[in-house]
Amino acid sequence: MANSRSGDSVLGRVVRVLEAFDRDRQSMTVSSLAMRAGLPRSTAHRLVEELISHGLIRRSDTGELRIGLRMWEIATRSQAALDVREAALPFMDDVLSVVRQHTTLAVLDNRSALYVERMSAPDSVLDAARITDRLPLNACSPGLVLLAHSPAAFQESFLSGRLVKMTDETPTDPGLIRRHLAEVRQRGFVALPGIGVSEWLGIAVPVFGPERSVVAALSAIVPRDDGDVQVIVPALLTAARGISRTLSPVRQPSPGSNG
């Protein structure tokens, strides 16, 4: 695939164009898009026109650009994330009735926790962990759960890289993080205040899939001074077991078998 003078491939430039859109900038002009993507305006214009022809970007009545519905269509084909999300929804509703703030579901994607679902109480005072948000694994409770149950080689690779510090309480010392991971595996949950946002307390538990592999992390997000861990953890664990049973139903013995 041809590279630009900067060394970017065409695909790399397309990704930069698409990533220029985020929750805070959902529409923009070609000039703004070129600036955010770090591309010459002529290059951005050419790529945009091709992406529009494929439905990946659309042009609004005002002439500004937005992500097209074709992107949503393609994204929803991620079957693994869909399966766990659909299994989790009724159980997340139960958790929300207990925490009355937010309950979220996150999966491991590359080196971050990707939020694939969030349920929120109408009167919640937090705006936390929205769907499609990503957080570093060391900077959120679901991330620590997912990291704790990852292969040892992945853990060491993550801990040897650059660890983002989002608040004063975000753990970035590899030794401290290893201790947190050991506690997660031993206790079955993590509850650390302020590691992603200073005002939050995130409490998370693992969701197991087939072969006892961890496929997601279920969490509750509450104000750090208003979270009863002894009440929330049992609610999360009960919901996580329900999700796991849905994902890996116990096989019933066939009629006439001795099993």
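This text follows the structure it describes.
Please read these numbers as outputs of a predicted model, since none were measured by experiment.

Enquirer: How would you explain the sheet that holds strand E8 (residues 214–223) if you had to name every residue and give the values?
Expert: As summarised here, the arrangement of the six strands in space is E5-E4-E3-E8-E7-E6, forming an open sheet in which the pairing is antiparallel. The open sheet has two edge strands, strand E5 (134–136) and strand E6 (190–193), and neither has a second partner. Going across the sheet, the axis of each strand differs from the next one's by a mean of 30°, ignoring polarity.

Enquirer: Tell me about the pattern of salt bridges, residues and numbers included.
Expert: For the structure shown, the criterion picks out five salt bridges. The closest approach of N and O atoms between arginine 134 and aspartate 109, which form a salt bridge, is 2.6 Å. Here the residue arginine 134 occupies a position in strand E5, and aspartate 109 occupies one in strand E3 (residues 102–109), the gap between them amounting to 25 residues. For arginine 134, a relative accessible area of 45% gives the class partly exposed. Among the ionic pairs, glutamate 169 bridges to arginine 224, the shortest N-O distance being 2.8 Å. Note that glutamate 169 is positioned in the loop between helix H7 (152–159) and helix H8 (174–187) and arginine 224 in the loop between E8 and helix H9 (229–247), a separation of 55 residues in sequence. Residue classification places glutamate 169 among the partly exposed positions, given a relative accessible area of 37%. The exposure class of arginine 224 is partly exposed, given its relative accessible area of 30%.

Enquirer: Tell me about helix H6 (residues 141–148), residues and numbers included.
Expert: Of all eight residues making up H6, eight are buried, and the element is well covered by its neighbours. Among all positions in H6, only Ser141, Pro142, Gly143, Leu144, Val145, Leu146, Leu147 and Ala148 are buried.

Enquirer: For the layout of surface pockets, give the residues involved together with the corresponding values.
Expert: When its volume is computed, the second largest pocket comes out at roughly 170 Å³. Around the second largest pocket, the lining residues are His149, Val184, Arg185, Gly188, Pro206, Phe208, Arg212, Leu237, Ala240, Arg241 and Ser244. Only H8, strand E7 (200–208) and H9 provide two or more residues apiece to the lining of the second largest pocket. Considering each element in turn, the lining of the second largest pocket owes the most residues, four residues, to H9. Of the residues that constitute the lining of the second largest pocket, the class distribution is five nonpolar, three polar and three charged.

What counts and what doesn't
Residues numbered from 1 in each chain as written. Predicted model: local features only at pLDDT ≥ 70, side-chain atom pairs only at ≥ 80, totals over all residues. Heavy atoms only, no water. Pairing = 2+ DSSP bridges. Helix = DSSP H or I, 4+ residues; strand = E, 2+ residues; numbered from the N terminus. Axes fitted to C-alpha atoms, helices over the stretch in contact; angles between N-to-C directions. Salt bridge = Lys/Arg side-chain N within 4 Å of Asp/Glu carboxyl O. Buried < 20%, exposed > 50% of the residue type's maximum accessible area, 1.4 Å probe, protein only. 1 Å grid on protein atoms, 1.4 Å probe; cavity = no way out; pocket = protein on both sides within 12 Å on 5 of 7 lines; lining within 4 Å. Points joined across faces, edges and corners; volume = space filled by probe spheres on them. Nonpolar A, V, L, I, M, F, W, Y, C, P; charged D, E, K, R; others polar.

Function cannot be inferred from these measures alone, as they are strictly geometric.
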